[in-house]
Amino acid sequence: MNDDTLLSARGLNLRFGAVTALDQVDCDLWPGEVLAIVGESGSGKTTLLNVLSGRMAPQSGVVWYRDPNGHLVDVHAMPAPALRALHRSDWGFVHQNPRDNLRMGVTAGGNVGERLMAQGSRHYGNIRAEAIAWLEQVEIDADRVDHLPRTFSGGMLQRLQIARTLVTHPRLVFMDEPTGGLDVSVQARLLDLIRSLVRRLGIAVVLVTHDLAVARLLAHRVMVMQRGVVVESGLTDQVLDDPQHPYTQLLVSSVLSA
Amino acid sequence: MIMLETENLSKNFLLHLQGGVRIDVLRGVDFSVQAGECVALTGPSGAGKTTLLRSLYGNYRAGGGAIRVRHEGAMVDIVTASPRLVVEVRDRTLGYVSQFLRVVPRVSALDIVADAARGVSTQQAHEMAAALLARLNIPARLHGLPPATFSGGEQQRINLARGFIGSHPILLLDEPTASLDNANRDIVIEMILEAKAAGKAVVGIFHDTFVRDAVANRIFNVLPLQDAA
Ligand SMILES: Nc1ncnc2c1ncn2[C@@H]1O[C@H](COP(=O)(O)OP(=O)(O)OP(=O)(O)O)[C@@H](O)[C@H]1O
Ligand SMILES: Nc1ncnc2c1ncn2[C@@H]1O[C@H](COP(=O)(O)OP(=O)(O)OP(=O)(O)O)[C@@H](O)[C@H]1O
Ligand SMILES: [Mg+2]
Ligand SMILES: [Mg+2]
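Numbering of residues starts from 1 in each chain and follows the order in which that chain's sequence is written. Chains and ligands are labelled by the order in which they are written, letters from A for the one and numbers from 1 for the other. Per-residue local features of the predicted model are confined to residues with pLDDT of at least 70, and side-chain atom pairs are confined, for both listing and counting, to 80 or more; whole-chain, interface and lining totals are unaffected and use all residues. Water and hydrogen atoms play no part in the side-chain values, which are based on all heavy atoms of the structure.

### A few points about the sheet that holds strand S1 (residues 7–16) of chain A
Sheets are built from strands paired through backbone hydrogen bonds, the pairs being either parallel or antiparallel.
All names here are of chain A.
1) Next: Reading across from one edge, S2-S1-S4-S5 is the order of the 4 strands in this open sheet, with antiparallel pairing throughout. Both outer strands of the open sheet, strand S2 (19–29) and strand S5 (72–74), are each paired with one neighbouring strand and no more. Averaged over all neighbouring strand pairs, the angle between strand axes comes to 25°, with direction disregarded.
2) Next: For two strands to be treated as a pair, DSSP must find no fewer than two bridges joining them. The numbering of helices and of strands both runs from the N terminus, where a helix is a DSSP run of H or I of at least 4 residues and a strand a run of E of at least 2. In terms of strand pairing, strand S4 (residues 60–66) meets S5 through 3 bridges, oriented antiparallel. If you follow Trp 64 over to S5, its bridge partner there is Asp 74.
3) Next: Most of the contacts of helix H1 (residues 45–52) go to S1, to which it runs at about 125°, and overall it touches S1, S2 and S4. Only the stretch in contact is used when fitting a helix axis, every axis being a line fitted to C-alpha atoms; angles between N-to-C directions are given from 0 to 180 degrees. It only takes one pair of heavy atoms within 4.5 Å for two residues to be counted as in contact.

### Considerations on the site of ligand 2
1) Next: Nearness is judged by heavy atoms alone; a residue qualifies as near a molecule or strand once a single heavy atom is within 4 Å of it. Within the structure, ligand 2 sits among 14 residues, and Ser 45, Gly 46, Lys 49, Thr 50 and Thr 51 of chain B are positioned closest to it.
2) Next: Of the chains in the model, those with residues near ligand 2 are chains A and B.
3) Next: Counting of polar contacts relies on pairs of N or O atoms within 3.5 Å, with two restrictions inside protein: one atom must be capable of donating a hydrogen and the other of accepting it, and residues adjacent in sequence are counted only when both atoms are side-chain atoms. Here an oxygen atom of ligand 2 and a side-chain polar atom of Thr 50 of chain B are 2.8 Å apart.
4) Next: Within the side chain of Thr 51 of chain B, an N or O atom sits 2.6 Å from an oxygen atom of ligand 2.
5) Next: Its free accessible area being 630 Å², ligand 2 has 68% of it covered by the protein chains.
6) Next: Secondary-structure elements contributing two or more residues to the shell around ligand 2 are strand S1 (2–15) and helix H1 (49–57) of chain B.
7) Next: No other element matches H1 of chain B, which puts 3 residues into the shell around ligand 2.
8) Next: Three categories are distinguished: nonpolar for Ala, Val, Leu, Ile, Met, Phe, Trp, Tyr, Cys and Pro, charged for Asp, Glu, Lys and Arg, and polar for the others, with Gly belonging to the last. A breakdown of the residues in the shell around ligand 2 according to their chemical character gives 6 nonpolar, 6 polar and 2 charged. Only the protein chains shown count as cover for residues, with accessible areas throughout obtained via the Shrake-Rupley method and a probe of 1.4 Å.

### A few points about the pairing of S4 of chain A
All names here are of chain A.
1) Next: With 5 bridges joining them, S1 and S4 adopt antiparallel strand pairing. By the bridge assignment, Ser 8 is partnered in S4 with Trp 64.
2) Next: The hairpin turn running from S4 into S5, its antiparallel successor, is 5 residues long, and Gly 70 in that turn takes a positive phi close to 90°.

### A short note on the sheet that holds strand S4 (residues 64–71) of chain B
Residue and element names in this part refer to chain B.
1) Next: The antiparallel open sheet is built from 4 strands, whose spatial order is S2-S1-S4-S5. Each of the sheet's edge strands pairs with one partner strand only, and the pair in question is strand S2 (21–34) and strand S5 (74–77). Each strand of the sheet is rotated relative to its neighbour by a mean of 25°, with strand direction disregarded.
2) Next: Its contacts with the sheet put helix H2 (residues 83–92) on S4 and S5, and the angle it makes with S4 is roughly 45°.

### Overview of the domain arrangement of chain A
All names here are of chain A.
1) Next: Note: domain ranges come from an automatic or database domain assignment. Per the domain assignment, the segments making up chain A are domain 1 (1–90 + 176–258) and domain 2 (102–169).
2) Next: For domain 1 and domain 2, the distance between their C-alpha centroids amounts to 26 Å.
3) Next: Facing the 14 residues of domain 1 at the interface are 14 residues of domain 2.
4) Next: As used here, buried area is the combined drop in accessible area, with a 1.4 Å probe, of two parts when they are placed together. For the domain 1 and domain 2 pair, buried surface summed over both sides reaches about 1,200 Å², with 60% attributable to carbon and sulfur atoms.
5) Next: For the domain 1 face of the interface with domain 2, the top three residues by lost area are Arg 88, Arg 189 and Leu 193, together amounting to 38%.
6) Next: Should a side-chain nitrogen of Lys or Arg be within 4 Å of a carboxyl oxygen of Asp or Glu, the pair is scored as a salt bridge. A salt bridge links Glu 139 to Arg 189; the shortest N-O distance between them is 2.8 Å.
7) Next: Here domain 1 is connected to domain 2 by 7 residue pairs in polar contact (both at pLDDT 80 or more).
8) Next: Of all elements in the fold, only helix H2 (80–88) and helix H6 (184–201) reach the threshold of two or more residues within the side of domain 1 that touches domain 2.
9) Next: If you tally residues by element for the side of domain 1 that touches domain 2, the top one is H6, at 8 residues.
10) Next: Its residues placed into classes, the side of domain 1 that touches domain 2 shows 9 nonpolar, 2 polar and 3 charged.

### A look at the pairing of strand S3 (residues 34–38) of chain A
All names here are of chain A.
1) Next: Taking burial as the measure, the 5 residues of S3 include 5 buried ones, the bulk of the element.
2) Next: Relative accessibility decides the category of a residue: with a 1.4 Å probe and only protein chains considered, values under 20% of the type maximum give buried, values over 50% give exposed, and everything between is partly exposed. By the alternation rule, side chains of S3 split into Val 34, Ala 36 and Val 38 and Leu 35 and Ile 37, which are all buried.
3) Next: For S3 and strand S8 (residues 204–208), the ladder comprises 4 bridges, and the chain directions are parallel. Counted as the bridge partner of Ile 37 is Val 208 from S8.
4) Next: Where S3 and strand S9 (residues 221–226) come together, 4 bridges link them in parallel fashion. Residue pairing in the sheet places Ala 36 in a bridge with Val 222 of S9.

### A look at the interface of chain B and chain A
1) Next: On the chain A side, the residues contacting the 22 residues of chain B number 28 residues.
2) Next: Across the chain B to chain A interface the summed buried area is about 2,100 Å²; carbon plus sulfur atoms make up 50%.
3) Next: For the chain B face of the interface with chain A, the top three residues by lost area are Arg 61, Arg 84 and Arg 106 of chain B, together amounting to 30%.
4) Next: At the boundary of chain B with chain A, the tally comes to 8 salt bridges.
5) Next: Asp 192 of chain A is paired through a salt bridge with Arg 106 of chain B; the nearest N and O atoms lie 3.4 Å apart.
6) Next: Where chain B packs against chain A, one counts 13 residue pairs in polar contact (both at pLDDT 80 or more).
7) Next: Every element with two or more residues in the side of chain B that touches chain A is listed here: S1 and H2 of chain B.
8) Next: The element best represented in the side of chain B that touches chain A is H2 of chain B, accounting for 5 residues.
9) Next: Here the side of chain B that touches chain A is built from residues that sort into 11 nonpolar, 3 polar and 8 charged.

See the structure below:
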């Protein structure tokens, strides 16, 4: 792997019975870079995200992560507590369904503050102030801080999840269809929010989406997957405007304007 | 000083969905542009002018040959550079004004332009963006609005402001004046002449011969392949 990559995967394979979810997948990510993984349903995008983030083990292959001290760690050889610690601070994971990440019985402010506490913060006043600051960053009114997430709309829940994820200033965030299941106007607002936060904070992102317009808006590079194989990858606008592989040409031609 | 040159550049499109039809567009293109110079690409419709310009930017993937760009003192070959390096070259060296603005939902005209500024504070970027938009006759009341509802000419001027604000050493322009009235066209001509005077290299497609004559030092004719050779 290159000297300064943040995350590198080589030769990832994973089969579920007869289904090949990952077939010799390589992948590199540099600090501050947004990489989109696109492809149709069932092509292996979520599986790749899970394997890159250590949530699921590959049958073969390796994932390297460069920690803040510059040391390379093998994500799948790490002791479980170390991996959990990574997920609590250095990394974030934004799920398609915010309910998979949020604690629905805890207030909005608690959901955000909890990540800070898990990271070691103890001062209640600071935690609350920071939680409120983050709610405002994701455009949730500060006076909702003591409300339970179940009183929030889908778009608000997704923004709350983003606040909860970013409060620890992660260097790397994995996102699985962050705008899926939201209606179009809510999507636009969320995308704009993600775009500006990621830019401003210089976060590296691996973003799974089946929406090429989302990839166009957010990603520097894209990887196109088909049946577990990366069939094409490169600069986002080059892959979308001058697709080389038949499958990418099909994907691009089947949307009106991406 | 050569800022950008191609050598034996070729480009074809292989259309897998149309039964594998191959469209040959560029072959053996040798082209260069110097600092302070503007080269106009000419040729009949469909000859490949836009294809050449997009290839120079790395938006289209060249089929063969080299595209060397002077980037921070060294020549970088866009054809073989890693995507990450191309992103860096676009950030610091290569500016591009496409024919149409791609609007980003919810982002104001001012932010779209300010976002493209380089090496200045956010506040400076906003001041520069406002000044450029004003110069291009975009009224202040529009600066805070997303350009989705703007007229074609207004959108093109947002696009121009975005392309010029970074003052990249090399500027690629695809029909920058196509939907502008004469007053705005003249402002764009002025901006191109200023860029040249500041030592920028400009490559452009200008169907408007008045604009072309006003800004271009040289013409590079792109021949349709069947007529070439
Ligand atoms: N835990 C599992 N057990 C069995 N099969 C699985 C499992 N996880 C994924 N698969 C299969 O692996 C393939 C890839 O699934 P994956 O969830 O990665 O697809 P995806 O690209 O994310 O699709 P979508 O866009 O629909 O979310 C699918 O055929 C899926 O059915
Ligand atoms: N993305 C693409 N995919 C397939 N074919 C393309 C693509 N872009 C351009 N072409 C083809 O390449 C040829 C040259 O097109 P190009 O747009 O470069 O012409 P042009 O000289 O700019 O013409 P005009 O003056 O009409 O703008 C045309 O046959 C066109 O259909
Ligand atoms: Mg999925
Ligand atoms: Mg053209």
